[in-house]
Structure formats: C-alpha cells, structure tokens
Amino acid sequence: MSIFVKKLVEKASLKKHPGFSDSLKPEDVNPHLAFHYGFPSGSMLLAYDTIQQILAISTRDGQIKLFGKDGLQTLLESSETVPSKFLLFIGNQGVLLNVNVNNHIEVWDLGRKCVSATHQFDKEIVSFAAMCNGAYLYVGDSAGDVSILRLHQDSCYIEEMKYRIPPSAAHGKINEVGSDISAKHILPQPTAEAKRVLIIYSDGVITLWGIWESKVIFTTSQSTYQEAKKVTAACWACSTGTKVAVGYSNGDIILWSVPSPSDSEQTASQITPICKLNLGYKADKIPIAKLKWAYADGKSSRLYVLGSSSDCNSTNLLQVVLLNEHTETRTIKLGLHPPESLLDLEITTSEQNKHRRDYLLLLGKSSHVYTCDDSLIERYLVQSLSKSSPSLPKEVKIKLPYGDSRITVTKFITSNPCYSEGDLNAVVKNSLPLFPFERSVKDGSNSNSNTSTSFSKAKNLFITGHSSGEINFWDASCPLLLPVASITQQSDTDSSLSGIPLTALHFSYNSHTLVSGDQNGTVRIYTFKSEMFSPQSTFMSSQGSSKKGSNHIIRRIKVVKVNGAVLSISTTENLKQIAVGSEQGYVMLIDPEGPNILYQTHIASEFSTGIISTHFETCSFHGFEKNVMIVTTKDSSVFALEKDTGNTLSSGVVHPNNPKRALFTHILDDATDMNKINADNSTPRQSFLLLCTEKSVYAFSLSHLVQGVKKVVYKKKFSSSCFWASTFGSPDIGLILLFTSGKIEIRSLPELSLVKESSIRALTFSTFRPFSVSDIIVSTSHDGELIIVNQDQELLFVSTLLHKEAYRFLGSVSQVFNKDLVNAQMLVSSPTVKEKKRGIFSSVIKDYKGTKSKNGIEVETEDSRLSIEELSTIFSIVNFPTDHIEIEEKNVSNDEDVELDIDDIEIEEPKEKPRGGYQIAGFNRHNITNKFQAIRGKLKNSKVKTDKVVVNEVPQDEKTGAVDQIKKKYGYASPGEAGAANMAKSKLSENLKKLQVLHDHFMKMIFSLMNKVKQAKGSPFVDWFWIGD
C-alpha cells in the first residue's frame, strides 16, 4: 500500500505549476546543425575539382565537407554512418561520387546538396575511376573483374552496362582460391580515354585494354612481377599517358613505359619498366600508400610519394621526386616532415589578385590539415639540380582564423536590437579565410585586426577569449565571422598580452561592460567607450593606437586578484556587484566601482571545491524576504549564502544521492504576475533551482533549498552521458541538453518532459573522434542559438527554434558550386541513341573509313566526343558472356535447326573502292544482310515446326468438341484452348531465351570479325549502320 501511495504523490506533484509557459510544442523546435565551419573530426579522404576549385573531405562516419572559393563551405551527410573508400569529382559538373565500405556508390548533386542517385554494387570494390566527362565509371572488384557503370545525371540513376573486362581476358588467368588478382587500379589513358584503359592488378600485372577491340592491347611480361609484392598505389606520370608510376607493398616505386594511343600492336613493344626510384621506403619496409603526379612546364614535373606507417617518427614518409629526363640517372628528391602520420594528400589551386598558385594539402590522422606552397617545393627541386642550397619549404597547420592562439572561453549574444543590415559581398570581402594562402594576400593585409567597428553593426555578437589572454569580438550575423574589435591589454598602463589563458567571460550591452577572468585568478573589468555602441561609429586604429593597445575602444580597466583560477562570473541586474567563483572553492563579492572585494568565503565541499556557478536571488526565508546567493560546486553540492555577508544560511547541504560532475545551474522563477495570484495566497509563488549533471537533471524547490532541505520536484535520468546544458527563452521556456552520443534534447521547464530530440553527427564522441569534453567549448544565446568550438579545428552553428532565421546569407555561404563556371559544351548529358525499327539481330556495326594521318594526340582529341557517344553502343553489348549465358550457349549449340558460325559470313575478294564510298574492301554489307536474313529464316522455320507439334498434341474428340462449343458460346475457355495457350506461352519464352543467347553469341562474333578486318586493313576509323527487318 505504501508503494501505491508514493506513486500517487509523485503523480500529483507532476501537475503544471502556474506561471510557467506551457507553449513549447514539438512543432516549434527543430534542433539541427545550421552551418559547419572548418575541418570535421574523423576526416580521412581528400578530393579536388580543379575547375570549380572545390575541396572535398570525407569522414569515417559518412560526412563530406566541401570548401569552395571565397570561403564558402557546406557539410553533406550520407544516410549511412560508415567510412568512405573512394571520393571522386566529375570535373566542373557539380557531381561528387562517394563509394563507402558497404560498396554503395552515392552520386551527390552539389547544386542541390543532396544524393541524386545510389547504386548497390554486389562485389567488393577495390578500385574506382571515371572518364573525364563523367558519363561512364569503371569499377574494379576483388575478383579481378572490371565493370562499367553509366551515370545518367538527367534521370538520376546508375545503369550497370553489359560490357565487362574479366580477369581471364585481361590478366591471363582466372582468380583461383587463395590467389589475389584484384583490379587494384584503373587508369583511363588521358589522350584516348574512350578507347584505352590501363588496368593494374594487385599481383603486379599491368594491362592496356582496348575498349573497342575488347581485348588486351599491351601487357607486362611475366618476368617483371615475379617478386612477392603487391601493388598499393599508382598514378599517371605524364600528360600523354605513356608513363605510369606504380608503388608496391615492399616500398618499391617503379616507372613503367606504356605505348601511346598512336602505337599499333605490331610496331609498339610491351609495357616495360623504365627505372626504379630508390627513396628509402624499401629499406624501412614501408608500403607506398599514395602516389600523386603534378604537371609543370619545362623540367619540373613532380611525383609526390606518401608512405604508410603507424610510426609517425619514421623518416621521409612524405617525399617529392623531380621527374625529368635525368630521373633514370639522378634522383632529385625532397623529404617533408609533418608532425604526424598522414592519411591523404591533394594539390589545390588558389587565385588571388589574378595570380594562380598551387598548394599541397596534407591530411593528418588527427584530422588536422597542413598546407605547403607547391611553388616553393618546385623551386627547391629545380635549384637542387644546380647543387645549390635552397631553403627547405615548411608545412603550416591550418587552424581557425579567429586569433593567433587557441580559444578557451566564449560568449554569444544574439538579436541586437540596433544593428544595421549589410550585404553578402561585404561579408565575403571582410571575413577571414580559413586557408592561410588565401588569408595572406587578401585585401593586401594579413588580417583585419587593426579595424574596430561598432558593436551595434552586429546582429549577433560572438566573443572569444584565448589562451594568450587576448579577447576578440566577432560579427556572427553570418556564419562567416567578421572581426569587430580586439582587446590585448592587461591594464591602463600595460598594453601587452598577459599570456595567461582566459577561463570566464561576462558581457553586458546595457552597462557597456565586459568582465574577464583568467587561470591565474585575475579579474579584469573593461568599460567601453560609448562610441562602440553607436550605430554610425567606425574606428580605424592607426599605428599609434596600436602601440597603446585597445585604448581607442576602452575607457577604463580595473583589475582584481582572487584565489585560484576563475570559473564563474555573475552580476546583479544593475551591475553594482560582481560574484566570482574560483577553482579553489572561494566565492568573492566585488564592488566594480572600487574595485574592492567586499568579502571572500571559502566553500568546503566533500569531493570537488571548484565553484561552477553563482546566482543572486530574493526569496522567503523563515517568513522574511532575503537576498541570497546560490552557490554550486563541481561535485553538485548546492549552498545558500547570505548575499551581504557571505555567511551560509543553513548548515545543510543539498546534493543528489549519487553526486556527479555538475554542468549547469539556473534559477527558474514563476513568470506569473503577482497581481494575478489569488488574494488568499492559495497559489504561492514557485521558484526552482535547475541542476544538470552528467547523468541526471533536477528541479529543486528553491524555498526548501535555502533552508538546507532537499526537495526534488522534478527529475530525469539520462540514458547516455551529457556534457553540456543550458536554458533558452525569455522567460525560460526550454532546456537544451547535449550528449556525447551526438544526441541533442529539448525539454520543457520545469517539468523536464521531452519535447523533441535529434542527433548531430559532428558532435558524436567516438574512437575516431578522440576529443574530450575539455576540447569542446559551447556558448548559447537566450533564443537557443549555439556556437560550438572544437579546439582550433571546427565551429558548429546549431539552431533550436524552427521558425527563426538567426543568420543572414546562410544559403549563399553554403553554395560552393558555381553554375556560371559550367561551360554548356562541357555539360555531361547522357548520350541518347535514337531507336529505330530493328530485326531480331538489329545491332550497331562499325565500318572503317579512310582518313588522313595525323598526330596521335590530335586525332584522339578531335574524335573524343564522337568516341564517347559511340561507347553507349559498345558498352550495351555483352562482349564476354557470363556463366549463365555460357550454359545457354551449350544448349543452343546442340539444336540441329539453329547453327551459327563465323564462317557463315562471306568476305569477298578486294575490289576497287567506289569514289565517295566508305566501304571496306572485302566487307560487303549486302552479303552480311542476306546472311542475317537466312539465319532469321532458319529461326522462323524452327518456330513454325514447333507450333505444328503443339497443335497436333491437342486431342480432337467430337463430344469434347461439342462441350467446348457450348462453353465458348457462353464465354468460357475450353480446356484444350487453355492448355494450348499455356504450352505456346512456355515455348515462346524458351525461344526468346534462345534468341537472346544467339544475339549475344552473334555480337561476340561481330567483335571477332571487326578485329580480323582491322588487322587485315589497319583502317583507323569506324562508322555505324543499322540492319533492320
């Protein structure tokens, strides 16, 4: 019975308290990531669009960050939270291809920032490549097969083509159990990508495949890959596709010579090794992780080599080699030494003041990105040829551009009532770029730190305190932060930086005051000049004002020293008194006008004495109104002090039964007007102390708490660990909770009921996101806008209200794809083939045309578009039958009525070619057509013969016929008709299967015939014609 009564009491206590808003509904809130700035945690792959100048970085949990020109950024999130295998741009088309570890191929539309198509590949993908126009994709799998996919951008889907390159044809053997001949790298030949593709298998076999011929054109000799090593990296090492660099698991790097597209099989040699690069990887047994070739005019082309090693102290993991005619005899190299192991590298381009420069980007295992001027690397290598002593280029770690030192504390104020509008161009012009090579030349200055503008020009004001003691003010009206002002001085006479990290900030618009506290216990009270809050004010500090620190914006500075690092700062409404809590458990009340310390009290706590919060409040104490100060320590102990003296009001200490680390406290006051309360005081005023810990959140009765009595009115336990909390609204209408699982919850006040929850993937603590709670700095505004800083790497802008637009130009600054750069002639539209009336074996066959001889490269460039269009037909044909088709072919070959052989097609003797014609001598189209008709006639005769057999099998009985006639009269089918129809349907289906097999077999013979004709005549060009009914 006692348990039942207890439940009734708990249920009764959950009734709504008067005065608190109950208007917060799920449809009013939408916690989500509004904008992401910087580099995401867990980054692993890089890709770059050289025309659009878009950099892509994929993460281990399915995110893709894009960086465009002028500081534009956006974050894409896949539906699958898994790592990427391959990341590839279709150049200048607004298409990004992402292949994840589940072998799903995602097609991202960068204009709409969404996935336009997905494809589930049924094998393990080990290589992935695309033609430059993006219409066709090559997919290599672990079994050694190379499949062709067609990307239909207009209709948003991926089609798997019938054409394939099996290992039995390209490698020379079938993949056996225990062997590894996976198609490790696929490289379309640059000047003949529609005709030739280089396939490099994991065991070292290199094959140049002829797409039109559907066979191996050139390959390596068997003796060149007998050593026990696996291919781990490869790339082209020249612009014409005649030289390829291959890296191996044992540290070898070999340059191979590949025949050019103009070389024929008779005149060119096989794929042969040119030289081996001795860079020290083999001696240290370091596998080659990536090779990247950079083209340069003259003799300065370079090969970037990245070794794979778990030991970041290994020397020369990243080296650059000069590739020229002297490479075989002399190796000119440069070793770069980044501070950590690398995952990937990429070469990007920056255009500043009409000057184009390349930069090397390096992605570290910690997700930090480093950059190095590629021109300095080139200069070093070229100067090394003359045996001079050039200076070594040095990589630079890319950090958030918001100060020279790390951010340690922040404050966020939104909805400034007197701010003035601006335009997007001004935002882009004045914002600080993320990448140092863009920042150094922007507007001819290093930064905008010497410019101070009015606070009133910022709709949202973001304040950052730094490890150097510096304080910066930023206009956060747009996610691209604009500098407003900076404070570097320590006092009225000392303008230098203190070098002590800041730990607490408090800012007041009304009193024009900023209070800061640092790790050494120094409290500074800054009073700003009134001009900083004037709508028309703009300050340009000169060199003289820079020398005297921040005097051009600060009217006065007062300094107070306290015991221990400052953890919390709070003030009375009129700013007549300031309460400071320290790490050592001291609470100090300061008069800012003095400044004087009115008193100092030490709070003795059982586990941790650090003071995380102080609150001023007036409440009833033994029937009298009393000004009190509510103090909370790190271990969730709550004390009530008399504000004027600092004495404790009660010997009792309020804390949870299982104390955990306290995150946040707040006083929840009854918002009801006192005049509306019943005259008989039957509805007393209710106030609560909200306490949030890592595991639970509590609402204590404030009137009981000041008397040392713990009365928990509301409580909620968490299923996962919470690391930050705050209220929002004026008055308070909701509670925001952030969890290490990435979950964000919105709860009502004071009942703590769940209103809505969502997840922010970028905030998920995991093994590949090894940041701790101390790395995350969160600040919130009164209207529920959050800015989250993760070390010096990324900024997250999180919004909670659904119908509130907190930031200007949000859509513009996240649009990285520039449609104006897309040339209409370069747009990839799926090649359409007009359907014509076809016979049973209607297909497309090539005729060779005589053309004048040209240089190979010129011919390929001129005919590239036509070749790509013709690939639509080639890739639609089964060039190598699958196992299923091979079985069907065996069945058809035993049929006496259908025989098909290559000898059935007659080739006449060569005749004189008629003027204006383009027929091949000995290749008579009329004879081939007649032969097709004869074959078709055989099939028709076979069908008629089969139909006769079916008809004869139906019994003819007079009685049965009479019954059938009656049934037919009244609309019923007779059994004989139904049986005949079923048998005919089955026979037709069987014949269709046979015809399909014959069609595939016939096309295979056509390929063989074309090869024979080409070998006999050597004509370079092919035309298509249709064979109809």
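Use the structure listed above.
To start, this report covers the structure provided alongside it. (Residues numbered from 1 in each chain as written. Predicted model: local features only at pLDDT ≥ 70, side-chain atom pairs only at ≥ 80, totals over all residues. Heavy atoms only, no water.)

**What to know about the sheet that holds strand E49 (residues 696–701)**
Then, in step 1: Pairing within the open sheet is antiparallel, and its 4 strands lie in the order E47-E48-E49-E50. If you trace the sheet from one side to the other, it starts and ends with strand E47 (662–668) and strand E50 (712–717), each paired once. Shown here is a sheet whose adjacent strand axes are inclined to one another by a mean of 10°, direction ignored.
Then, in step 2: Where strand E48 (residues 688–693) and E49 come together, 5 bridges link them in antiparallel fashion. Its bridge partner being in E49, Cys 692 is matched across the sheet by Val 697. (Pairing = 2+ DSSP bridges. Helix = DSSP H or I, 4+ residues; strand = E, 2+ residues; numbered from the N terminus. Axes fitted to C-alpha atoms, helices over the stretch in contact; angles between N-to-C directions.)

**Notes on the pairing of strand E20 (residues 253–257)**
Then, in step 1: With 4 of its 5 residues buried, E20 lies for the most part within the structure.
Then, in step 2: The sheet contact formed by strand E19 (residues 243–248) and E20 spans 5 bridges and is antiparallel. Within E20, the residue paired with Val 244 across the bridge is Trp 256.
Then, in step 3: Between E19 and E20, which pair antiparallel and follow one another directly, the connecting turn spans 4 residues, one of which, Gly 251, has a positive phi of 100°. (Buried < 20%, exposed > 50% of the residue type's maximum accessible area, 1.4 Å probe, protein only.)

**Overview of the sheet that holds strand E23 (residues 301–307)**
Then, in step 1: As summarised here, the arrangement of the 4 strands in space is E22-E23-E24-E25, forming an open sheet in which the pairing is antiparallel. Strand pairing shows two members of the sheet lacking a second neighbour, strand E22 (288–294) and strand E25 (333–336), which therefore form its edges. Averaged over neighbouring strand pairs, the angle between their axes works out to 20° when direction is ignored.
Then, in step 2: The sheet contact formed by E23 and strand E24 (residues 318–323) spans 6 bridges and is antiparallel. Within E24, the position partnered with Val 305 by the bridge is Gln 319.

**With respect to the environment of Tyr 402**
Then, in step 1: Assignment of secondary structure puts Tyr 402 in the loop between strand E29 (396–397) and strand E30 (407–413).
Then, in step 2: By relative accessible area, Tyr 402 is classed as buried at 2%.
Then, in step 3: Remark: the alpha-carbon pair of Tyr 402 and Asp 792, spanning 390 residues in sequence, is separated by 8.8 Å.
Then, in step 4: If near-sequence neighbours (up to four positions away) are discounted, Tyr 402 is found in contact with Tyr 37, Ile 407, His 466, Asn 472, Trp 474, Pro 479, Leu 481 and Leu 795. (Contact = heavy atoms within 4.5 Å.)

**Quick look at the pattern of salt bridges**
Then, in step 1: Applying the stated rule across the entire model yields 22 salt bridges.
Then, in step 2: Note that Lys 290 is salt-bridged to Asp 344, the shortest N-O span being 2.7 Å. Here Lys 290, found in strand E22, pairs with Asp 344, found in strand E26 (residues 342–352); they are 54 residues apart in sequence, far enough to count as distant.
Then, in step 3: For Asp 344, a relative accessible area of 4% puts it in the buried group. (Salt bridge = Lys/Arg side-chain N within 4 Å of Asp/Glu carboxyl O.)

**Things to note about the side chain of Thr 408**
Then, in step 1: Tracing the chain through its elements places Thr 408 in strand E30.
Then, in step 2: A distance of 2.7 Å separates a polar atom in the side chain of Thr 408 from the backbone oxygen of Leu 502.
Then, in step 3: Those residues in contact with Thr 408, other than ones at most four positions away along the chain, are Gly 465, His 466, Ser 467, Pro 501, Leu 502 and Ile 777. (Polar contact = N/O pair within 3.5 Å; in protein donor to acceptor, adjacent residues only side chain to side chain.)

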